[in-house]
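Secondary and tertiary structure notes
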Amino acid sequence: MLDVRRMQVLRAVITSGSVTAAAAHLGYTPSAISQQVSALEKETGTVLLERVGRGVAPTAAGLLLTRYADVISRHLAEAETALADLRAGRAGRLSLRYFASVGPTLLAPALARVRREHPGVAIDPRLADPDDALAEVARGDADLAVVVRRPDEARHPGIRVVHLSDDAYQAVLPSGHPLAAGRVIDLADLAGEPWVGSEPPGPCLTPIVDACAAAGFSPDFVTTSEDYATAQGFVAAGLGVSLIPRLGLSARHPGVAVRRVRRPEPVRAIHAVVRASALDQPALRTLVEALRVSAGQ
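Residues numbered from 1 in each chain as written. Predicted model: local features only at pLDDT ≥ 70, side-chain atom pairs only at ≥ 80, totals over all residues. Heavy atoms only, no water.

**Things to note about the overall build of the protein chain**
Put simply, the rule is: Secondary structure elements are defined from DSSP: runs of H or I of at least 4 residues count as helices, runs of E of at least 2 residues count as strands, and each element is numbered from the N terminus. We compute the radius of gyration from the C-alpha atoms alone; for a globule the expected value is 2.2 Å times N to the 0.38, where N is the number of residues. Only protein chains enter the accessibility calculation, which uses a 1.4 Å probe. A residue is then buried if its area is under 20% of the maximum for its type, exposed if over 50%, and partly exposed in between. In this analysis, two residues are considered to be in contact whenever any of their non-hydrogen atoms come within 4.5 Å of each other. Surface exposure here means Shrake-Rupley accessible area, sampled with a 1.4 Å probe, where a residue is shielded only by the protein chains that are shown. We count Lys and Arg on the positive side and Asp and Glu on the negative side, and we leave His and both chain ends out. Note on charges: their place is set at NZ of Lys, CZ of Arg, CG of Asp or CD of Glu.
Scanning the protein chain from terminus to terminus reveals nine helices and 12 strands. Expected size for 297 residues packed as a compact globule is a radius of gyration near 19 Å; at 32 Å, the protein chain overshoots this value by more than 25%. For the protein chain, the spread of C-alpha atoms along the three principal axes comes to 110 × 35 × 30 Å. Within the protein chain, buried positions represent 43% of all 297 residues. Here the contacts in the protein chain between residues at least 6 apart in sequence split such that 74% fall between residues at least 24 apart. With the model as given, the accessible surface of the protein chain reaches about 15100 Å², and the carbon-plus-sulfur share is 53%. Positive and negative charge centroids in the protein chain, built from 32 and 31 side chains respectively, lie 8 Å apart.

**Considering the pattern of salt bridges**
Basically, it comes down to this: What counts as a salt bridge is simple: a side-chain nitrogen of Lys or Arg found within 4 Å of a carboxyl oxygen of Asp or Glu.
Under the definition given, this model contains 11 salt bridges. Residue Arg6 is joined to Glu43 by a salt bridge in which the shortest nitrogen-to-oxygen separation is 2.5 Å. Residue Arg6 is located in helix 1 (residues 4-16), and its partner Glu43 is located in helix 3 (residues 30-44); the two are separated by 37 residues in the primary sequence. The partner of Arg139 in a salt bridge is Asp141, with the nearest N and O atoms 2.8 Å apart.

**Description of unusual backbone geometry**
The step from Arg263 to Pro264 runs through a cis peptide bond, and the omega angle for that step is -10°. A positive phi angle, near 55°, is found at Arg263, a position not held by glycine. Mapped onto the secondary structure, Arg263 falls in the loop between strand 11 (256-262) and strand 12 (267-275). Residue classification places Arg263 among the exposed positions, given a relative accessible area of 58%.

**Describing the pairing of strand 9 (residues 220-224)**
Spelled out, the test is: Two strands qualify as a pair provided that DSSP identifies no fewer than 2 bridges between them.
Judged from the four bridges that link them, strand 8 (residues 194-197) and strand 9 form a sheet pairing that is parallel. Looking at the pairing, Trp195 lines up with Phe221 of strand 9.

**Quick word on the pairing of strand 4 (residues 122-127)**
As a reminder, the rule being used: Seen with its strands pointing away from the viewer, a crossover is right-handed when the path leading from the first strand over the helix to the second is clockwise.
Relative to strand 4, strand 3 (residues 93-98) is paired through six bridges, and the arrangement is parallel. Of the residues in strand 4, the one forming a bridge with Ser95 is Asp124. Where the polypeptide runs from strand 3 across helix 5 (residues 103-117) and back to strand 4, its parallel neighbour, the crossover connection is right-handed.

**Let's talk about the packing of helix 2 (residues 19-26) against helix 3**
The following threshold applies: Geometry is summarised by axes, namely lines fitted to C-alpha atoms with helices restricted to the contacting stretch, and by angles between N-to-C directions that run from 0 to 180 degrees. To sort the angles, those under 35 degrees are grouped as roughly parallel, those over 145 as roughly antiparallel, those from 65 to 115 as roughly perpendicular, and the leftovers as oblique. The nonpolar class holds Ala, Val, Leu, Ile, Met, Phe, Trp, Tyr, Cys and Pro. Asp, Glu, Lys and Arg form the charged class, and all remaining residues, Gly among them, are polar.
Across the interface, helix 2 lies against helix 3 with an axial gap of 8 Å and an inter-helix angle of 105°. Looking at the two axes, helix 2 sits roughly perpendicular to helix 3. Within the contact between the two elements, helix 2 uses Val19, Ala22, Ala23 and Leu26 and helix 3 uses Pro30, Ile33 and Ser34. Counted by class, the contact of helix 2 with helix 3 contains six nonpolar, one polar and no charged residues.

**Considerations on the packing of helix 5 against helix 9 (residues 282-294)**
This is how it is decided: By definition, turning the near helix anticlockwise from the far helix through less than a right angle yields a left-handed crossing, and turning it clockwise yields a right-handed one.
Put simply, helix 5 and helix 9 touch, their axes get as near as 8 Å, and they point 140° apart. Viewed along their axes, helix 5 and helix 9 adopt a mutual orientation that is oblique. Classified by chirality, the crossing of helix 9 by helix 5 is right-handed. Taken together, the residues of helix 9 that come into contact with helix 5 (itself represented by Thr105, Leu106, Leu107, Pro109, Ala110, Leu111, Arg113, Val114 and Glu117) are Ala283, Thr286, Leu287, Glu289, Ala290, Leu291, Val293 and Ser294.

Below is the structure:
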């Protein structure tokens, strides 16, 4: 493979017209310049410069390599500029994964801030299952994921976990339900009710099941829905009661009553996960900080 540095030395000799001028421009001695050109001639197996009077002139091979050295020099300069833009947060791409209920409340204002402060950075947000999202970050397929994690969940090597919010579950009842008369409901009061499941198996269902166990019962799920709007519709139709996290209740069905739950209060812990090595990106650091601000930290 040709030595790029030696090609740049040859280019300096040809553009300046002499070994002495090239040495002065590059800060080398004339002898060092001559040695670099000689080494390049050995690499190429051809003569690149020929003496003309008291100076030198390029051969056809020398002119050919000089043209390529020009192209290489421009590309190197472009690469340096692009790298500087990336380091400064003026360019690049952020790929992130999130789950639906954090989109309008936490994610939207955070992305708006990133867009204002780093307008040259492309943003690629995609919905993803929390378990898949964490794996994508660990593999480097995504830069950040917003996930729900259990307090006892194992940490992954090289992954930075940033707590954003504790999102409490609230009781969702048919509007005419007797328990809707109070402002706060003891979780045990829901023990004998038919339940509408609002969460698929996973980290968002675990807080509900654990809290009910602590209150002395296991919920009787008579129907399930994996989206909060439909779960509210099922409750409004009288199919049962449900627990839905506060972030999932931004749009409330007119036929339900929402009440705070206690003894105990189920809570899901929302976190941002990033690779620690990726936090040298200014736009990613801005996104993490903006998510914390959106979450009220």
